[in-house]
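Residue strings, one per chain:
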Amino acid sequence: MKGKSLISINDYSKEEQIKILDLAAEFEKNPVQNILEKYVVATLFFEPSTRTRLSFESAVSRLGGKIIGFSDSSSSSVKKGESLKDTIITVSNYSDLIVMRNPVEGSARYASEVSKVPLINAGDGANQHPTQTLLDLYTIRQTQGNLDNLHVAFVGDLKYGRTVHSLVIALCNYNTTFHLVSPIELKLPSAVKMHIKDKNLTYFQYTDMNDVIPQVDILYMTRIQKERFSDSLEYERVKNLYILNKNMLKGIKENLKILHPMPRVNEISTDVDNTPQAHYFQQALNGVYVRQALICSILGLK
Ligand code: CP
């Protein structure tokens with residue numbers, strides 16, 4: 001993986017993904033080390049973030065590395081009209097690795113092509129979020145013991161949810177049965193469903209979340225992505241359709257875990273937080289270990 005950018009989850013083979021998860025498990029046991037002492041990582045966030053940016057920065061800091069970058073592009077020369085290409089070439093002269101989030105689909109691939117250093121896609125519009133997928137796989141394996149033959153439900157905005165797109169594609173390596181719950185207008189895009197069909201796996205589509213809760217091992221809740229809607233009335237119509245509360249967790253499988261890439265708005269009531277099924281804060285913490293593993297692998301240090 002040395003020198004290899006991560007833009008789409010399939011840029012890394014199943015074996016490479018597992019190597020990252022195994023290395024992340026080592027970092028979970030020992031997250032403070034001095035591996036990145038001589039390295040500078042740039043985090044360029046053209047879109048808001050809490051978990052992704054701060055867990056990358058925490059990962060680097062705990063390994064002794066330096067961080068440069070911005071969390072708001074209006075404080076950079078982008079505000080003066082500088083192009084993405086010029087920004088990336090410049091920052092790649094200042095750093096060993098770039099982590100970028102950008103609202104434009106395909107921007108991460110383009111940036112990786114002009115960058116002199118490897119680039120990690122921290123989310124490009126509604127397209128992909130591959131590092132979230134690695135931490136999701138890590139968390140699923142942590143909670144279920146393995147990744148094979150699971151029933152996984154995705155609930156909410158399956159059209160614009162980039163974490164869903166990347167994770168569905170990755171889970172196609174593991175004989176997953178997919179339960180897809182969304183309003184008609186926010187169904188999983190056909191291009192993502194093609195990955196399921198190509199592997200001859202099964203998916204079911206629903207509009208009612210209650211139909212899937214007793215059947216699944218993982219319930220992956222998502223936020224309706226307000227910022228991606230061109231019609232605000234359409235957002236208003238769907239924004240409260242899926243709200244999971246404690247009373248709905250009846251007749252569930254013993255091993256059920258609830259995940260959410262976060263941030264949540266209202267799709268998981270806070271009364272779920274203290275149930276044994278809630279695992280979304282641990283999921284966000286796992287992002288530090290997985291990103292430590294990814295950074296060290298790309299820099300050829302592990
Ligand atoms: N999961 C995730 O991408 O969260 P942030 O938007 O807070 O980075």
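**Q** Any details on the overall build of the protein? Residues and values, ideally.
**A** Along the protein, the regular secondary structure elements total nine helices and nine strands. For the protein, the C-alpha atoms occupy an extent of roughly 55 × 45 × 40 Å along the three principal directions. Relative to its 302 residues, the protein shows a buried fraction of 56%. Long-range contacts, defined as pairs at least 24 residues apart, comprise 72% of the intrachain contacts of the protein with a sequence gap of at least 6. On the protein, roughly 12800 Å² of surface is accessible, and the fraction owed to carbon and sulfur atoms is 48%. The centroid of the 35 positive side-chain charges in the protein is displaced by 3 Å from the centroid of its 32 negative side-chain charges.

**Q** Now, about the packing of helix 5 (residues 130-144) against helix 9 (residues 280-298): what can you tell me, with residues and values included?
**A** As a packed pair, helix 5 and helix 9 sit with axes 8 Å apart at the nearest point and diverge in direction by 115°. The way helix 5 lies across helix 9 gives a crossing that is right-handed. Of the residues in helix 9, those in contact with Thr131, Gln132, Leu134, Leu135, Asp136, Tyr138, Thr139 and Gln142 of helix 5 are Gln282, Gln283, Asn286, Gly287, Val290, Arg291 and Leu294. In terms of residue class, the contact of helix 5 with helix 9 is made up of five nonpolar, eight polar and two charged.

**Q** Which residues make up the sheet that holds strand 8 (residues 218-221), and what are the values?
**A** If you trace the five strands from one edge of the open sheet to the other, you get 7-6-5-8-9, paired in parallel fashion. Pairing within the sheet leaves two strands with one partner each, and these edge strands are strand 7 (203-206) and strand 9 (257-259). Across the sheet, the mean angle separating the axes of adjacent strands is 20° when strand polarity is ignored. Pairing of strand 6 (residues 177-181) with strand 7 involves four bridges; the strand directions are parallel. When the bridges of strand 7 are listed, Val181 appears paired with Tyr206. Packing of helix 5 onto the sheet brings it into contact with strand 8 and strand 9, and relative to strand 8 it is tilted by some 150°.

**Q** So what's going on with the packing of aromatic side chains? Which residues, and what values?
**A** Applying the stated rule across the entire model yields six aromatic pairs. With a centroid separation of 5.6 Å and an interplanar angle of 70°, the aromatic rings of Phe229 and Tyr235 are classed as edge-to-face. Both residues of the pair, Phe229 and Tyr235, count as buried.

**Q** How would you sum up the side chain of Arg162? Please name residues and give values.
**A** With respect to the helices and strands, the residue Arg162 is situated in helix 6 (residues 162-171). Exposure remark for Arg162: the relative accessible area of 8% places this residue in the buried category. At 3.0 Å, the side chain of Arg162 and the backbone oxygen of Gly125 are in polar contact. Excluding its chain neighbours within four sequence positions, the residues that come into contact with Arg162 are Glu47, Arg101, Gly123, Asp124, Gly125, Ala126, Asn127, Gln128, His129 and Arg228.

About the criteria used
Residues numbered from 1 in each chain as written. Predicted model: local features only at pLDDT ≥ 70, side-chain atom pairs only at ≥ 80, totals over all residues. Heavy atoms only, no water. Helix = DSSP H or I, 4+ residues; strand = E, 2+ residues; numbered from the N terminus. Buried < 20%, exposed > 50% of the residue type's maximum accessible area, 1.4 Å probe, protein only. Contact = heavy atoms within 4.5 Å. Areas by Shrake-Rupley, 256 points an atom, 1.4 Å probe, with all protein chains shown as cover. Lys, Arg positive; Asp, Glu negative; His and termini not counted. Charge placed at Lys NZ, Arg CZ, Asp CG, Glu CD. Axes fitted to C-alpha atoms, helices over the stretch in contact; angles between N-to-C directions. Left-handed = near helix turned anticlockwise from the far one by under 90°. Nonpolar A, V, L, I, M, F, W, Y, C, P; charged D, E, K, R; others polar. Pairing = 2+ DSSP bridges. Phe/Tyr/Trp six-rings, centres within 6.5 Å; stacked < 30°, edge-to-face > 60°. Polar contact = N/O pair within 3.5 Å; in protein donor to acceptor, adjacent residues only side chain to side chain.

Note that all results are geometric; they support no functional claim without further evidence.
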